[in-house]
Amino acid sequence: MKTWSRVIIAGIAMAAALTSSSAQSADDANRSKLTGDEILQTSDLSRNGWNSYSVLTTIINYEDGELKEKGSFDVSIKGMNKTLVKFMNADVKGQYLLMVDDDMWIYMPNTRKPIRITPLQRLMGDASNGDVARTRYAEDYSAKLMREESVNGVPCYVLDLDAKRDGATYKRIEYWVEKETKRPKKAEMYLASGKHYKSITFDHYEETGGRVLLTQMTITDRLREGRTTVMKYASYAEKELPEKYFNKDYLEKLR
Amino acid sequence: MTTRAKIFMIIIALPFMMAYADAQDVDYRFSVVDEGTLSKLDLTTPLNFHNQTLPQPTSANNAVSNLFLEYGGLSTSLNLSAFANNVEAPDYAFAIRELAYDLSLSDNFDLTVGRKILKWGPGYAFNPTGVVEPQRTPSDPSDRLGQNDGRTLVSLNGFVGKSSLTLVYLNDAKISAGKLHGGEQDGALRVYTFLNGLDLSGILHYREGDRLEVGTNWSYVIGQNLELHGEFLAKRGSSFLYHQIIASDNPEQIFASYPYVALYDHSNDIFYKLLVGGQYTFDNGLNVTIEYYRNLDGLTRGEWNQWMKFVKFQNGIQQGAIAAAPELIQPSRYNLLWALQTLSPRGTMRDYLFGREYYSVNAWSFEFIQLLNADDGSCVIIPTVSYRISENFFTYTRGTLFAGSANSEYGALFTTYSMNIGVEFHL
């Protein structure tokens, strides 16, 4: 090989090395710029389009692949911490779930009074009330960026979410967020006892009202083999919701 | 037009009303429940020896339809029922359980006028602070057949952040023969706030001619699984009507007139009702509720025993086991019938424990209720299995078992056990 040739090859190799190194540095810089909490806040935008809005949620419960239950809910969300869920199925019509911060009440038309419930009490299937009502994880969990890894070929940040309060739906969540879009990709949920409780995959996103929002996620129960719940979201709409709708005593008026 | 024809016409009209409701953005719920009941009677109880005092059915069928309609602020609950058993003639009834108008005065104030069911208090089976609610039974907390009726009221609600204030005026007014007749009047005030995870309400209640009742209720959630709640209501004296026999030292007497009086109406002693309870949800979804209820209006064990001696004496006369002058036999029968009014669906004695376990898996749900009289150890056990056929159809089987010694509250009741099988349709 001629000297010129060697110089050129060495130059190319150095340039490649420098490029690679500068890309790594840029990545490191990028990584150092975004904290876990910031990634989490950004990822929440894919599940909450507006400050005050409503969305129709369908929960489909499967056992060993067989459809067992299907329920529809009209979910109204105001600000960071208030959610009102109206049950739409014929057998539970008139039922409401109110969630303010970590606290929940259920109103059933037969008993005619709001009853305080615990976060573990479920709407139906394997979806806990928190799965429906608490869609802003940044409010409930503090996030630490652990590492980066690919999920099905998609580069993701891996966050470790730790519950800020006892009332959060889960004690700990391992959370994968797509690097490029900052959309949630999957999650592993753990109870205070340390038990692996649920796995969630965030399956589909669609553009609605000028924003790309989550339209389907799948929950797999890790305590009970073979049970999965699919949650579908449709008809996202920005809506002004009066403050009194989120007062416990107003539930008896909603009916 | 006969009652049957009217009911038939209403049933025919319902689907048209639904269709209209759909077209007019009227919110509605409709349900039909048909429940068959088979009962095994206790033929030895002195309360109803050989089913003679107050004949009870051994089989019955109850068909109930409930329609709830809401348009704007106006809402109504209509109830149509048909009841048949092997003791009485079939009975058909139509009731407007609720008819009220809710008016939003501003973002902070609401006004309600009309007939409406209001229930206060976090208790599951018992609600001492439910001063404005219709009477209901702890063994059927969810009112499965929708039998509770609203009360005529005017209610003003104020909402500020996590607090609210409710002022209610109730008047059990009725229209009969085209005229409005004023009924008993009640006034109640509830102040509610939510403070550091604690639901806290203060309650004042005044019934015309009675003394002021003061109460509070609360609920609190600890962690993921545990909810605790309590209720307390107290007043000086008691307007509760007691059978005079409990204050008498002679259970072998016959009363010539209605024997119930408010024995402690002028007492200055504090009479209270207390409830403490909680519910725990296990990681697998099993929900367990436990409550303890104490009611100082209830009979003590000694008062209950005195009343039972009186009942046995009257029953002895009726059965000829105790010799009595012929002219006393008919009054003695009235005494026995009057005596039965001491029994209350809310519990006759002072201390009760309530337990409920609930678990649902797929289309199946299982409920197990226990109601224990802590004064005499008798109990009611109610297991229920429900199956959800579809979003619109449910079926359930419900058993009720009464257990206890012959002198105890639930052991002395008319029925040993009963079974209900029901089908529900929801639209």
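Nothing here was measured: the structure is a model prediction, and the numbers come from that model.

Caption draft 1: Region of interest: the overall build of chain B. Looking only at helices and strands, one finds three helices and 22 strands in chain B. The globule rule puts the C-alpha radius of gyration for 427 residues at 22 Å, and the 23 Å found for chain B is close to it. Summarising its shape, the C-alpha atoms of chain B cover approximately 70 × 55 × 50 Å along the three principal directions. Every one of the 427 residues in chain B was classed for burial, and the buried ones make up 31%. Long-range contacts, defined here as pairs at least 24 residues apart, represent 53% of the contacts in chain B between residues at least 6 apart.

Caption draft 2: Structural context of the interface of chain A and chain B. Across the boundary between the two partners, chain A contributes 37 residues, which contact 46 residues of chain B. Those elements that place two or more of their residues in the side of chain A that touches chain B are strand 2 (66-78), strand 6 (113-117) and helix 5 (251-254) of chain A. At four residues, strand 6 of chain A tops the list of elements feeding residues into the side of chain A that touches chain B. Taken together, the residues of the side of chain A that touches chain B sort by class into eleven nonpolar, eight polar and 18 charged.

Caption draft 3: Just the nonpolar core, in detail. Residue and element names in this part refer to chain A. Core analysis: the largest hydrophobic core is formed by 31 residues, its most contacted members being Leu 159, Leu 161, Ile 173, Tyr 175 and Val 177. For Ile 173, the residues in contact, after removing those within four places along its chain, are Tyr 141, Leu 161, Ala 187, Glu 188 and Met 189. Phe 73, Ile 106, Ile 117 and Val 132 belong to the second-largest nonpolar core, a separate cluster that totals 20 residues.

Caption draft 4: Expanded view of the pairing of strand 13 (residues 226-236) of chain B. All names here are of chain B. With nine bridges connecting them, strand 12 (residues 213-222) and strand 13 associate as antiparallel partners. By the bridge assignment, Tyr 220 is partnered in strand 13 with Leu 228. Between strand 12 and strand 13, which pair antiparallel one after the other, the connecting turn spans three residues, and Gly 223 there sits at a positive phi close to 65°. In this structure, strand 13 lies alongside strand 16 (residues 270-281), joined through eleven bridges in antiparallel fashion. Counterpart to Gly 230 in the pairing with strand 16 is Val 276.

Caption draft 5: Examining helix 2 (residues 301-319) of chain B more closely. All names here are of chain B. Here helix 2 spans 26 Å end to end across 19 residues, near enough to the 27 Å set by a 1.5 Å rise per residue. Elements that come into contact with the buried residues of helix 2 comprise strand 14 (242-243) and helix 3 (326-339). In the stretch just after helix 2, Gly 320 is the one whose phi turns positive, near 80°.

Caption draft 6: Focus on the packing of helix 2 of chain B against helix 3 of chain B. All names here are of chain B. Two elements in contact, helix 2 and helix 3, have axes whose closest approach is 9 Å; the angle formed by their N-to-C orientations is 140°. When the interaxial angle is binned, helix 2 and helix 3 end up oblique. Judged by the twist between their axes, the crossing of helix 2 over helix 3 is left-handed. Across the interface between the two elements, Phe 310, Val 311, Gln 314, Asn 315, Ile 317 and Gln 318 from helix 2 touch Leu 328, Ile 329, Ser 332, Arg 333, Asn 335, Leu 336 and Ala 339 from helix 3.

Caption draft 7: Up close: the confidence of the model for chain B. Per-residue confidence for chain B averages 89 on the pLDDT scale, and 94% of its residues sit at or above 70. Scoring the predicted complex yields pTM 0.82 and, for the interface, ipTM 0.83.

Caption draft 8: Structural view of the pairing of strand 1 (residues 27-41) of chain B. Residue and element names in this part refer to chain B. Here strand 1 pairs with strand 2 (residues 59-71) via twelve bridges, running antiparallel. Pairing of Val 33 across the sheet is with Val 64, part of strand 2. By the bridge criterion, eleven bridges tie strand 1 to strand 22 (residues 415-426) in an arrangement that is antiparallel. Paired with Asp 34 across the bridge in strand 22 is Val 423.

Caption draft 9: The arrangement of the environment of Leu 170 of chain B in detail. For Leu 170 of chain B, the location among the structural elements is in strand 7 (residues 163-171). Once residues within four sequence positions are removed from consideration, Leu 170 of chain B is found in contact with Val 132, Arg 151, Thr 152, Leu 153, Gln 185 and Asp 186 of chain B.

Caption draft 10: Here's a closer look at the environment of Lys 309 of chain B. As for its position among the elements, Lys 309 of chain B is in helix 2. As a C-alpha pair, Lys 309 of chain B and Phe 402 of chain B span 93 residues in sequence and 21 Å in three-dimensional space.

Caption draft 11: Region of interest: the environment of Val 132 of chain A. Mapping Val 132 of chain A onto the fold places it in helix 3 (residues 129-133). Taking the C-alpha atoms as reference points, Val 132 of chain A and Ser 52 of chain A, separated by 80 residues in sequence, lie 16 Å from one another.

Caption draft 12: Expanded view of unusual backbone geometry. Located in the positive-phi region is Arg 112 of chain A, a residue other than glycine, with phi close to 60°. Mapping Arg 112 of chain A onto the fold places it in the loop between strand 5 (103-108) and strand 6. Unlike most non-glycine residues, Asn 51 of chain B shows phi in positive territory, near 60°. On the secondary structure map, Asn 51 of chain B appears in the loop between strand 1 and strand 2.

The rules behind these values
Residues numbered from 1 in each chain as written. Chains lettered and ligands numbered in written order. Predicted model: local features only at pLDDT ≥ 70, side-chain atom pairs only at ≥ 80, totals over all residues. Helix = DSSP H or I, 4+ residues; strand = E, 2+ residues; numbered from the N terminus. Rg over C-alpha atoms; globule rule 2.2 N^0.38 Å. Buried ≥ 20, exposed ≤ 12 C-beta atoms within 10 Å, placed from the backbone. Contact = placed C-beta atoms within 7 Å. Nonpolar A, V, L, I, M, F, W, Y, C, P; charged D, E, K, R; others polar. Core = buried A, V, L, I, M, F, W, Y, C linked by C-beta atoms within 7 Å. Pairing = 2+ DSSP bridges. Expected span 1.5 Å × (residues − 1). Axes fitted to C-alpha atoms, helices over the stretch in contact; angles between N-to-C directions. Parallel < 35°, antiparallel > 145°, perpendicular 65-115°, else oblique. Left-handed = near helix turned anticlockwise from the far one by under 90°. pLDDT = per-residue confidence, 0-100.

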